[in-house]
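Spelled out from the first residue to the last, the chains are:
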Amino acid sequence: MEKIIEKFDVPYLQILDENGNCDEKLKPSISLEMIKKIYSLLILTRIFDEKALSLQRQGRIGTFPPIKGEEACQIASAILMENGDMAFPAFREHGVYITRDLPIEMLFQYWGGDERGMKIPEKVSVFTVSIPVGTHILHATGMAMGFKFQKKKNITLTYFGEGATSEGDFHEAMNFAGEFKVPVIFICQNNQYAISTPVREQTASQTVAQKAIAYGFPGIRVDGNDIFAVYKATQLAIQRARAGKGPTLIECFTYRLGDHTTSDDAKKYRGDVELKEWEKKDPIIRFEKYLTSKKILNQKEIASEKNKATKKIEESVKRYEKIQPENSEEIFKYTYASMTEELNEQLEQFKKEVI
Amino acid sequence: MQLNIIEAINLALKQEMRKDKSVILIGEDIGEDGGVFRVTDGLAKIYGNERVIDSPLSESGIIGTSIGMALTGLKPVAEIQFEGFIFPAIDQLINHASRIRNRSRGRFNCHLVVRCPIGGGIKALEHHSDSPESYFIHTPGLKVVIPSSPYEAKGLLISAIRDPDPVIFFEPKKIYRAIKEEVPEEEYTIPLGKAKIVHEGSDLTMISYGSAIKTCKEIVETASESIELIDLRTLSPLDTDTIIASVKKTGKVVIVHEAQKTLGFGAEIIARINEKAFFSLQAPIERVTGYDIIVPLPKSEQYYHINKSRIINAVKKVMSNAI
Ligand SMILES: Cc1ncc(C[n+]2csc(CCOP(=O)(O)OP(=O)(O)O)c2C)c(N)n1
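Source: prediction; values computed, not measured.

Criteria and thresholds
- Residues numbered from 1 in each chain as written.
- Chains lettered and ligands numbered in written order.
- Predicted model: local features only at pLDDT ≥ 70, side-chain atom pairs only at ≥ 80, totals over all residues.
- Heavy atoms only, no water.
- Helix = DSSP H or I, 4+ residues; strand = E, 2+ residues; numbered from the N terminus.
- Rg over C-alpha atoms; globule rule 2.2 N^0.38 Å.
- Buried < 20%, exposed > 50% of the residue type's maximum accessible area, 1.4 Å probe, protein only.
- Contact = heavy atoms within 4.5 Å.
- Areas by Shrake-Rupley, 256 points an atom, 1.4 Å probe, with all protein chains shown as cover.
- Near = heavy atom within 4 Å.
- Polar contact = N/O pair within 3.5 Å; in protein donor to acceptor, adjacent residues only side chain to side chain.
- Nonpolar A, V, L, I, M, F, W, Y, C, P; charged D, E, K, R; others polar.
- Domains from an automatic or database assignment.
- 1 Å grid on protein atoms, 1.4 Å probe; cavity = no way out; pocket = protein on both sides within 12 Å on 5 of 7 lines; lining within 4 Å.
- Points joined across faces, edges and corners; volume = space filled by probe spheres on them.
- Buried area = accessible area lost by both parts, 1.4 Å probe.
- Salt bridge = Lys/Arg side-chain N within 4 Å of Asp/Glu carboxyl O.
- Axes fitted to C-alpha atoms, helices over the stretch in contact; angles between N-to-C directions.
- Parallel < 35°, antiparallel > 145°, perpendicular 65-115°, else oblique.
- Left-handed = near helix turned anticlockwise from the far one by under 90°.
- Core = buried A, V, L, I, M, F, W, Y, C linked by side-chain atoms within 4.5 Å.
- Phe/Tyr/Trp six-rings, centres within 6.5 Å; stacked < 30°, edge-to-face > 60°.
- Lys NZ or Arg CZ within 6 Å of the ring centre and 35° of its normal.

1. With respect to the overall build of chain A
Here comes step 1: Across its full length, chain A carries 13 helices and eight strands.
Here comes step 2: Here the C-alpha radius of gyration of chain A, 21 Å, is about what a compact globule of 355 residues would show, namely 20 Å.
Here comes step 3: Projected onto the principal axes, the alpha-carbon positions of chain A cover approximately 75 × 60 × 45 Å.
Here comes step 4: For chain A, with 355 residues in total, the buried portion stands at 57%.
Here comes step 5: Considering only contacts within chain A whose residues lie at least 6 apart along the sequence, 74% involve residues at least 24 apart.
Here comes step 6: Taken as a whole, chain A presents about 16,200 Å² of accessible surface, with 51% of it coming from carbon and sulfur.

2. Topic: the site of the ligand
Here comes step 1: Residues in close proximity to the ligand total 20 residues, the closest being Arg92(A), Gly163(A), Asn191(A), Tyr193(A) and Glu59(B).
Here comes step 2: Between the ligand and Gly163(A), the relevant distance is 2.8 Å, taken from an oxygen atom to a main-chain nitrogen or oxygen of the residue.
Here comes step 3: One of the side-chain nitrogen or oxygen atoms of Glu59(B) is found 2.5 Å away from a nitrogen atom of the ligand.
Here comes step 4: With the chains in place, 95% of the 570 Å² that the ligand exposes on its own is no longer accessible.
Here comes step 5: Class assignment of the residues belonging to the shell around the ligand gives a composition of 10 nonpolar, five polar and five charged.

3. Details of the domain arrangement of chain A
Often, the extent of an interface is quoted as the loss of accessible area on bringing the components together.
Here comes step 1: In terms of domains, chain A is made up of domain 1 (12-324) and domain 2 (328-355).
Here comes step 2: One C-alpha centre belongs to domain 1 of chain A, the other to domain 2 of chain A; they are set 38 Å apart.

4. Examining empty space enclosed by the protein
Any empty space left between the atoms is revealed when a probe the size of a water molecule rolls over them.
Residues and elements named next belong to chain B.
Here comes step 1: Tallied over the entire structure, the rule returns two cavities of 30 Å³ or more.
Here comes step 2: Within this model, the largest cavity holds a volume of roughly 120 Å³.
Here comes step 3: Lining the largest cavity we find 13 residues, and of these Ser131, Tyr209, Gly210, Ser211 and Glu258 sit closest to its centre.
Here comes step 4: For the lining of the largest cavity, the element with the highest residue contribution is strand β13 (residues 253-260), accounting for three residues.
Here comes step 5: Counted by class, the lining of the largest cavity contains six nonpolar, five polar and two charged residues.
Here comes step 6: Each of domain 1 (2-182) and domain 2 (196-321) gives at least three residues to the lining of the largest cavity.
Here comes step 7: Each pocket or cavity is described by its volume, and for the second largest cavity that value is around 40 Å³.
Here comes step 8: In terms of lining, the second largest cavity is formed by Lys174, Ser211, Ala212, Thr215, Glu258, His305 and Ile306.
Here comes step 9: Per-class residue counts for the lining of the second largest cavity are two nonpolar, three polar and two charged.

5. Considering the domain arrangement of chain B
All names here are of chain B.
Here comes step 1: In terms of domain boundaries, chain B breaks down into domain 1 (2-182) and domain 2 (196-321).
Here comes step 2: Between the C-alpha centres of domain 1 and domain 2 the distance comes to 26 Å.
Here comes step 3: Taken together, the contacts link 28 residues of domain 1 with 23 residues of domain 2.
Here comes step 4: A buried area of about 2,000 Å², summed over both sides, lies between domain 1 and domain 2, and 53% of it is on carbon and sulfur atoms.
Here comes step 5: Among the residues of domain 1 in contact with domain 2, Ile137, Ile146 and Glu152 are the three that bury the most area, contributing 22% of the side total.
Here comes step 6: Where domain 1 packs against domain 2, one counts two salt bridges.
Here comes step 7: Here glutamate 152 ties to arginine 233 by a salt bridge, and the two come within 2.6 Å at their closest N and O atoms.
Here comes step 8: Of the residues belonging to the side of domain 1 that touches domain 2, the class tally is 14 nonpolar, seven polar and seven charged.

6. Some details on the packing of helix α1 (residues 5-19) of chain B against helix α7 (residues 150-162) of chain B
Residue and element names in this part refer to chain B.
Here comes step 1: Orientation of α1 relative to α7, taken along the N-to-C sense of each, is 30 degrees, at an axis distance of 8 Å. One way to sum up the angle between α1 and α7 is to call them roughly parallel. Here the hand of the crossing between α1 and α7 comes out right-handed. Residues Ile5, Ala8, Ile9, Leu11, Ala12, Leu13, Gln15, Glu16 and Lys19 of α1 pack against Pro150, Ala153, Lys154, Leu157, Ile158, Ile161 and Arg162 of α7.
Here comes step 2: Among the residues making up the contact of α1 with α7, the classes are represented as 11 nonpolar, one polar and four charged.

7. Quick word on the nonpolar core
Here comes step 1: In terms of nonpolar packing, the biggest core is built from 157 residues, with Ile38(A), Phe228(A), Phe287(A), Ile63(B), Leu232(B) and Ile273(B) touching the most fellow members.
Here comes step 2: The dominant element in this core, judged by the number of residues it contributes, is helix α1 (residues 32-57) of chain A, at 12 residues.
Here comes step 3: Sequence-distant contacts of Ile273(B), that is, excluding residues within four places in its chain, are made with Ile207(B), Ile243(B), Ile244(B), Val247(B), Val253(B), Phe278(B), Leu281(B) and Ile285(B).

8. A short note on the packing of aromatic side chains
Residue and element names in this part refer to chain A.
Here comes step 1: What the rule picks out here adds up to 30 aromatic pairs over all chains.
Here comes step 2: When the ring of phenylalanine 149 is compared with that of phenylalanine 180, the centres are 6.1 Å apart and the planes differ by 85 degrees; the resulting orientation is edge-to-face. Taken together, the residues phenylalanine 149 in helix α5 (residues 137-149) and phenylalanine 180 in helix α6 (residues 168-180) connect sequence positions 31 residues apart.
Here comes step 3: On the accessibility criterion, phenylalanine 180 (33% relative accessible area) is partly exposed.
Here comes step 4: Taking the ring centre of tryptophan 278 as reference, the NZ or CZ of lysine 281 above it sits at 4.2 Å.

Put into structure tokens, the structure is as follows:
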């Protein structure tokens, strides 16, 4: 006997096209207030990014991975989190931190090379930056297991790039999540490059979304520069998760408009033509077209939104630069819950010979 | 010609690839991009993308498939982008690469080099400033090499590529571009397992490797004491004879390394001296090492690292303790 025993579809969702036209039939249920809030966050994150790049060039912070172009993926998903939910970012998720209200000076502080920038206030439900690619995806699955086994209604969200899907940890996290049917939402920002490696050299899969199918839960690709598509897909995934129906993988198809980090030069491996194409698809440009055409905001209000954001960022830079250097002895203090005898001895020596 | 470490390694790779068709490179962003430190710059253009392989983002994938390719007679030189990212591959290195020869009683071997930047001092992000050499030295079947200059890097890498066993070749990123020196155009080898006396002396033996050699050299060249500086070059296998001969001459020892103190390589050196030259010692051995803490982010990183004054203090202490 020979027959087809399974067949799968990979859905794609776009609601707001690059010219700002909205498919009203597909539009998610979203309040006007929420729409305006998302816009403010997009602008705030964009201006933060520009400021961070300029601070890096002046040596006022260290190596920095820009987010430009990927704001919608992060903001339109993280905005849907509720009390007690938790997000697990990789390292490019400034938009997630800003959406969940991390004081912006702490982002500058962390990227300025000060551990205290990751001493995340209790009310901010985002875990620390995770530099080793793909490793944190398991933590999100694990926390979702913890929620489920303790009968909590909370969910976790985790963010990673398409490059991360090549690491074993990604597959292990997906497999556990599917097997234990836990409330985790995997958000892959497919920005089409992992440093210099284009997505077509990362995997022979046509989409990242389809990888979910192999682990027994739904995957969807959305236009990652379309806030409505990201919002709607996340909304549905969260509903599913809270209803005990398990995980979802959302592939946000987007583009990294900047270099990989400030130590990278993207000109070395990708052409200008492609970049120009994607600049036209900028999530903010199309959203502004929509907002003005629907008369939700006018040009004056948009300008004032940008002024407000610039002021907010400038104030946070001022606060950042007023932060006193950490007492050098602190480098010993967090190795364990309490100092060991050996560490105390080394600290005494440190005080004599270094400071 | 005058080359820095990056250029010297690039030249070694280029020449070995020309000489031996079975030498191939694999790693993340090593092709068109030339690697994040540009070590493999231009090599994909010369040798094509089937000999300079841009891999998916997977360290276990890189090392595991390199082992498989080595079984076909290829000689992979794999690049791991930073030392913090060698850990996804540690299973392949410790459970397979190092053991295949023994497991098959010599029927199979693993002709593999793993190149990987190491160490701090470049104001980098977390996981980009560590010195994890001990994990690998502790693994039987792996060789571990850490060069200290461009000349050393070229000669040692060529030996590593020709060695039939797996070699972890750690490249101190702090001195990637900081030292330029004369490097012969033609190919030459520096044998693995042989230390080098960088500076001869009779009062005290200073033992180090990697980027710390530059700092130690600056000290011994101006010190009032006559200090013998040994660059270990290869940490596994270790050239115990050179160490012991020097200790028998000077009777005083300072060991310097960037890695943390506990189970840092200094511990092993002291044990060997204890076994083979204890009665020649005139004073307790001093180690200048990193503290047993996580390497701090850039704002406090300097507090972790060894520095000249700590080394000089150790020398003074050993000299004054000597009986
Ligand atoms: C395990 C591991 N390997 C390598 C690196 C070096 N590295 C940092 S980011 C990056 C590319 C990541 O690509 P992707 O997951 O698509 O995320 P993106 O940078 O595009 O946001 C690499 C290779 C790392 N941080 N961790």
